[in-house]
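Coordinates in review
What follows is each chain in one-letter form.
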Amino acid sequence: MIEAERRLLANALMDFSNQRFVLLSEACIPLFNFSTIYAYLMNSTQSYIEAYDKDSPVGRGRYNEKMSPHITIDQWRKGSQWFEMDRELALEVVSDQFYFPLFQSYCANACYSDEHYLPTFVTMKFTPKNSNRTLTWVDWSRAGIHPVTYLRPLVTVEFLKALRHGSQCEYNGQSSNICYLFARKFSTDSLIRLLRFAPKVMYFNK
Ligand SMILES: *[C@@H]1O[C@H](CO)[C@@H](O)[C@H](O)[C@H]1NC(C)=O
């Protein structure tokens, strides 16, 4: 998975006009129109790789002591696999030849390297460059190993408005109510409603 992410970044880096790199899935939707998302990312002083320390089986429990002393348990981080980073950080990720092999050797199968490699690597080496938060909203409110999938009836104008402005976070050192530019997971049958609401609620051009 990390190898695939590095290849995607490497390919995207070859185009010098690419300054910001976002990984999304087919179940993600944009919450704002292109010009808003572009301005938010291009004017941001930081990257958005979620990184937190969680003392639980799905957090620190996935740490392998064989990574020590290069990565200690205190340095181990977890975060969403859906990232956003600037060009400088993307170059660091594709050229990392030290931490990546450690993950290849000691973070396999139930370790889920895509939830740990970037958060750990970026926190260890580039803390000031990272906001530690993700730009992709997700609903983990229901128990289980997968987040909630939003089917068509759940997609309403009120719901989309709450996703766009219903949170508080820091952006360039200031308080902001635009914390998420994307959201998941949305089923394909919700597309009909999303397209209907997009011009009015999200200001997409018709
Ligand atoms: C991100 O996390 C690191 C340590 O885990 C912390 O030192 C840093 O201040 C955090 N950054 C922000 C913007 O909260």
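Residues numbered from 1 in each chain as written. Predicted model: local features only at pLDDT ≥ 70, side-chain atom pairs only at ≥ 80, totals over all residues. Heavy atoms only, no water.

**Points about the overall build of the protein chain**
For the protein chain, the count of helices and strands is 7 helices and 7 strands. Listed N to C, the secondary structure of the protein chain is α-β-β-α-β-α-α-α-β-α-β-β-β-α in terms of helices and strands. Taken over C-alpha atoms, the radius of gyration comes to 18 Å for the protein chain, in line with the 17 Å a tight globule of 206 residues would show. Its C-alpha atoms give the protein chain principal-axis dimensions of roughly 55 × 40 × 30 Å. For the protein chain, buried positions account for 47% of its 206 residues. Here the contacts in the protein chain between residues at least 6 apart in sequence split such that 79% fall between residues at least 24 apart. Just so you have it, the protein chain exposes about 11,500 Å², and 54% of that area is on carbon and sulfur atoms. For the protein chain, the centre of its 23 positive side-chain charges and the centre of its 20 negative side-chain charges are spaced 8 Å apart. (Helix = DSSP H or I, 4+ residues; strand = E, 2+ residues; numbered from the N terminus. Rg over C-alpha atoms; globule rule 2.2 N^0.38 Å. Buried < 20%, exposed > 50% of the residue type's maximum accessible area, 1.4 Å probe, protein only. Contact = heavy atoms within 4.5 Å. Areas by Shrake-Rupley, 256 points an atom, 1.4 Å probe, with all protein chains shown as cover. Lys, Arg positive; Asp, Glu negative; His and termini not counted. Charge placed at Lys NZ, Arg CZ, Asp CG, Glu CD.)

**Observations regarding the UniProt feature "transmembrane region" (unreviewed entry) in the protein chain**
In the numbering used here, UniProt assigns the "transmembrane region" (unreviewed entry) feature to residues 21-41. A distance of 9 Å separates the end C-alpha atoms of residues 21-41, which is 38% helix and 19% strand. (UniProt positions renumbered as here; feature names shortened; annotations may be inferred.)

**As for helix α3 (residues 87-95)**
Where α3 is concerned, the buried positions are Arg87, Leu89, Ala90 and Val93. Taken end-on, α3 shows its buried residues confined to a sector of 160 degrees, consistent with a single buried face. Residues of α3 that are buried make contact with α1 (2-13), β1 (20-22), β3 (84-86) and α5 (117-126). (Arc of directions from axis to C-beta.)

**Here we look at the state of the cysteines**
Under the criterion given, the structure shown has 2 disulfides. Each sulfur of the disulfide joining cysteine 107 and cysteine 111 lies 1.9 Å from the other. A torsion of -90 degrees about the S-S bond marks the disulfide between cysteine 107 and cysteine 111 as left-handed. The residue that forms a disulfide with cysteine 169 is cysteine 179, at a sulfur-sulfur distance of 2.2 Å. Across the disulfide from cysteine 169 to cysteine 179, rotation about the S-S bond amounts to roughly -105 degrees, and the bridge is consequently left-handed. Separated by 10 residues along the polypeptide, cysteine 169 in strand β5 (residues 169-171) and cysteine 179 in the loop between β6 (174-176) and β7 (182-183) bring together distant segments of the chain. Across the pair, exposure class does not vary: cysteine 169 and cysteine 179 are buried alike. Between cysteine 28, a cysteine without a disulfide, and cysteine 179, which holds the nearest cysteine sulfur, the sulfur-to-sulfur distance is 17 Å. Here cysteine 28 falls in the buried class, since its relative accessible area comes to 13%. (Disulfide = S-S within 2.5 Å.)

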